[in-house]
Amino acid sequence: MVYSASLLRITIPLLVLAFLEISCTKDDIVYSSDGLSMFKVENPVIHDFMNDFVYDSNDYTYTHIRDYCNISTSYNKQHPFPAYVFVDNDYLSNDDVVKMVVKTYLNDVMVRVDEFDGFVSEMPIYNLIPSQEYSYTVDYMDRQNLTHRLSEGNFSTTGQFRQLLIEGVRNCRDIGGYPVGNNKRIKYGKIYRTGELYGVNKQGLVYGDITEPGINEILNNLKVKTELDIGDFPETSPISDYVELYGGGEYAMKAYDNAYQSGSSALAARVNLVIRKVVEGKLLFFHCSAGCDRTGTLAFTLEALLGVCESDLSKDYEISSFAGLGIRPRNEYWYNPDVYGGYPAMVNYIKQNFDGTTLNDKVETAMISFGVSEKDIDAFRDEMLEDLVL
């Protein structure tokens, strides 16, 4: 199928993956305040994991991630919850309606379009930015291909951490939303991280199998312009015709402490590429295979440069544990010197080998020594940070 980044719209009856089940109801996530519907777009386990505790930055002998992974839920913990748009219209049915279209606006700018086959009274809208007020319109197309306005209104979202649902892809999230001090936070919608869009490893494990709705989500709703593949899959990206692609194994990098040792030049090159695309205003996502280790290392580095605190850096790494590809505890060494030593080995190596007062300072020192300029780091921060509104 040929896709147009400007015209592609996939009709989605429900976003459901065979290996990534979704189960939640509107009763779980919606409440009202002053007559305005509000939706918790963070799923409860993620919300609690991010807010229940603060890790001790001087003690990497413990973790809490297993406690949260072991919580039994009816929903997939790697996914966000949706907002819902409701339509109560007794005189319409599937016999009257071919398609329903929900357009969602933020600050009067249309940010996404969702289409549903037939008449649907409760329409889930995924991947919204937390703590924003949205407006929407609902139209339907009849069997004469005429379009009619059904309703319009407003709703709000709550939360901070932005997970993403991209059908057929694991471990998808926005790096935005983290507070970074000085009453600043990382902007949403600038950089995304995911697992592989399409790929199978040597053992036959499917890392990614993106669907047509998933492609539509990346191109038209998330409006991605650049894909950076830091894994070693040789396959051509399913969206290579519509984005700037840096991949095919040529942009692979190492993970954890090896990324900061023998892989330092590759790490710096990837950081420089991300900074350049951000400064150019091109929305970007990066991934490896699972979106956990190499992707986690690059995300750690970018977030550390932006000022994310050490406890949140650990949590951001550990959240990949919800992707169904193994638990990634902050305290676990991998003891494989030919590959990498794990997250605590990386943190220890940075703390022991680079100058600075905080881990953030030491990551910046490392990047400058590897070839990322201080000027470019400052430009990156200028583009990525915004005032934190309390």
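Residues numbered from 1 in each chain as written. Predicted model: local features only at pLDDT ≥ 70, side-chain atom pairs only at ≥ 80, totals over all residues. Heavy atoms only, no water.

### Topic: the sheet that holds strand β10 (residues 179–181)
Then, number 1: The strand order β10-β11-β18 describes an open sheet built from three strands, whose pairing is antiparallel. The outermost strands of the open sheet, each flanked by one partner alone, are β10 and β18 (385–387). This sheet shows a mean twist of 40° between the axes of neighbouring strands, independent of strand direction.
Then, number 2: Sitting on the sheet, helix α11 (residues 374–384) is in contact with β11 (184–186) and β18, with an inclination near 45° to β18. (Pairing = 2+ DSSP bridges. Helix = DSSP H or I, 4+ residues; strand = E, 2+ residues; numbered from the N terminus. Axes fitted to C-alpha atoms, helices over the stretch in contact; angles between N-to-C directions. Contact = heavy atoms within 4.5 Å.)

### Things to note about the side chain of S289
Then, number 1: Topologically, S289 is positioned in the loop between β17 (284–287) and α7 (294–306).
Then, number 2: At 3.3 Å, the side chain of S289 forms a polar contact with the side chain of R294. (Polar contact = N/O pair within 3.5 Å; in protein donor to acceptor, adjacent residues only side chain to side chain.)

### Considering the sheet that holds β17
Then, number 1: Spatial ordering of the open sheet is given by β9-β12-β17-β15-β16, a layout of five strands whose pairing is mixed. The open sheet is flanked by β9 (173–174) and β16 (244–246), the only strands paired with a single partner.
Then, number 2: Across four bridges, the pairing between strand β15 (residues 226–229) and β17 is parallel. Along β17, the bridge assignment pairs D229 with H287.

### Considerations on the nonpolar core
Then, number 1: If you look at the biggest cluster of nonpolar residues, it comprises 64 residues, and the most contacted ones within it are Y260, L298, F300 and M367.
Then, number 2: At eight residues, helix α6 (residues 264–279) tops the list of elements feeding residues into this core.
Then, number 3: Filtering out sequence-adjacent residues up to four positions away, Y260 remains in contact with L267, T297, F300, T301, M346, Y349, I350, V363, A366, M367 and F370.
Then, number 4: Ranked by size, the runner-up nonpolar core spans 24 residues in total, among them Y84, V102, V138 and L150. (Core = buried A, V, L, I, M, F, W, Y, C linked by side-chain atoms within 4.5 Å. Buried < 20%, exposed > 50% of the residue type's maximum accessible area, 1.4 Å probe, protein only.)

### A few points about the pattern of salt bridges
Then, number 1: Summed over all chains, the structure comprises 20 salt bridges.
Then, number 2: Between D316 and R193 there is a salt bridge, with its nearest N and O atoms 3.1 Å apart. Highlighted residues: D316 in helix α8 (residues 310–318) and R193 in strand β12 (residues 191–194), separated in sequence by 123 residues.
Then, number 3: Note on R193: relative accessible area 1%, which makes it buried.
Then, number 4: With its nearest N and O atoms 3.8 Å apart, the salt bridge here joins K282 to E280.
Then, number 5: Salt bridges here are not isolated pairs; linked through shared partners, they connect E244, K277, E280 and K282. (Salt bridge = Lys/Arg side-chain N within 4 Å of Asp/Glu carboxyl O.)

### Details of helix α2 (residues 44–51)
Then, number 1: Turning to α2, its buried residues are V45, I46, F49 and M50. For α2, the angular spread of the buried residues around the axis is 125°, confining them to a single face.
Then, number 2: Elements in contact with the buried residues of α2: α3 (65–69) and α8.
Then, number 3: Regarding α2, its N-cap is N43, as a side-chain oxygen of that residue lies 3.2 Å from the backbone nitrogen of V45 further along. (Arc of directions from axis to C-beta.)

### Overview of the packing of α7 against α11
Then, number 1: α11 packs onto α7 with a crossing angle of 85° between their chain directions and a minimal axis gap of 9 Å. Overall, the two elements α7 and α11 adopt an arrangement that is roughly perpendicular. Contacts from L302, L305 and L306 of α7 reach α11 at I377, F380, R381 and M384.
Then, number 2: Its residues assigned to classes, the contact of α7 with α11 shows six nonpolar, no polar and one charged. (Parallel < 35°, antiparallel > 145°, perpendicular 65-115°, else oblique. Nonpolar A, V, L, I, M, F, W, Y, C, P; charged D, E, K, R; others polar.)

### Section: the packing of aromatic side chains
Then, number 1: One pass over the structure, following the stated rule, counts 20 aromatic pairs.
Then, number 2: Ring geometry for Y246 versus Y251: centroids 5.5 Å apart, planes at 85°, classification edge-to-face.
Then, number 3: Accessibility expressed as a relative area gives 15% for Y246, which makes it buried.
Then, number 4: Y251 gets classed as partly exposed once you look at its relative accessible area, which sits at 24%. (Phe/Tyr/Trp six-rings, centres within 6.5 Å; stacked < 30°, edge-to-face > 60°.)

So, to be careful, I would describe these as geometric facts and stop short of saying anything about function.
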